[in-house]
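Breakdown of the fold
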Amino acid sequence: MEKTRDKKYWLMKSEPSDYSIDDLKRAKCEPWDGVRNYQARNFMRDEMRVGDGVLFYHSSTDPPGIAGIAKVCSKPYPDKTAFDKSDKHFDPKSKKDDPTWYLVDVCFVKKFKNFISLNELKADPRFEGMMVTKKGSRLSIQPVSKKHFDGI
DNA sequence: GCCAACGTTGGC
DNA sequence: GCCAACGTTGGC
């Protein structure tokens, strides 16, 4: 039996030209594929649980920031785009009997009427210490504290 | 488009 | 296992 635990909270980045909050709204749920960073994978594979809260972050936009809320809606399972030679995220190192890359499905919850820009996050003392506000914070999946999540 | 920050790779 | 070279991310 699975041990219960408190909800955790995450921030997941996407370039809206690749995949935006509107795409997720249309799709309702989508596998968060293409992650090829070990730390980010570890969060998905080892720490995420169904029902966890997700801040949907738009990167490489003007301005960058948080576009809305999603949630984790599957258990972790292997990222099959790593097995597909024609996929741009193909990774020959990942074997079907021992996959390197894992993902979870993410479901749309809501899109903010007011997009929260990175600048606003940085300017607001309530969000001090949030990973995404720090310089050089490239990690595409980041843990977020409940305090910060609720503040959003 | 630039470039700083960071992750990964591979020669040794 | 070190570290230089290279690739990628992402704010600006």
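This text follows the structure it describes.
Here is a short report on the structure shown in this document. (Residues numbered from 1 in each chain as written. Chains lettered and ligands numbered in written order. Predicted model: local features only at pLDDT ≥ 70, side-chain atom pairs only at ≥ 80, totals over all residues. Heavy atoms only, no water.)

Around DNA strand C, a shell composed of K13, Y57, S59, S60, P64, L118, K122 and R138 is seen. Atoms of DNA strand C within 4 Å of the protein belong to the sugar or the phosphate in 78% of instances, the rest to bases. In the model, a phosphate oxygen of DNA strand C is placed 2.7 Å from a nitrogen or oxygen of the Y57 side chain. (Near = heavy atom within 4 Å. Polar contact = N/O pair within 3.5 Å; in protein donor to acceptor, adjacent residues only side chain to side chain.)

Okay, the environment of P143 next. Topologically, P143 is positioned in strand β8 (residues 141-144). By relative accessible area, P143 is classed as partly exposed at 32%. In this structure the C-alpha to C-alpha distance between P143 and M48, which are 95 residues apart in sequence, comes to 9.8 Å. Those residues within four positions of P143 in sequence are excluded, and the remaining contacts are Y9, W10, F43 and M131. (Helix = DSSP H or I, 4+ residues; strand = E, 2+ residues; numbered from the N terminus. Buried < 20%, exposed > 50% of the residue type's maximum accessible area, 1.4 Å probe, protein only. Contact = heavy atoms within 4.5 Å.)

Attention now goes to the sheet that holds strand β4 (residues 65-72). Reading across the sheet, the six strands line up as β2-β7-β4-β3-β1-β8 and stay open at both edges, with mixed pairing between neighbours. Strands with a single pairing partner mark the edges of an open sheet, and in this sheet they are β2 (29-31) and β8. Pairs of neighbouring strands in the sheet enclose a mean axial angle of 35°, with direction left out of account. Pairing of β2 with strand β7 (residues 105-117), which is carried by three bridges, proceeds in the antiparallel orientation. Along β7, the bridge assignment pairs E30 with V106. The strands touched by helix α2 (residues 38-47) within the sheet are β1 (9-14) and β8, with β8 carrying the most contacts at an inclination of about 55°. (Pairing = 2+ DSSP bridges. Axes fitted to C-alpha atoms, helices over the stretch in contact; angles between N-to-C directions.)

Turning to the pattern of salt bridges, a few remarks are in order. For the coordinates displayed, the defined rule picks out nine salt bridges. In this structure, the salt-bridge partner of D22 is K111, at a minimum N-O distance of 3.0 Å. Pair noted here: D22 is in helix α1 (residues 21-27) and K111 is in strand β7, with a separation of 89 residues, a long-range link. D22 sits in the partly exposed class, given a relative accessible area of 31%. Residue class for K111 comes out partly exposed when judged on its relative accessible area of 40%. Among the salt bridges present, the one from D79 reaches R36, with a minimum N-O distance of 3.0 Å. (Salt bridge = Lys/Arg side-chain N within 4 Å of Asp/Glu carboxyl O.)

Coordinates in, geometry out; function isn't part of it.
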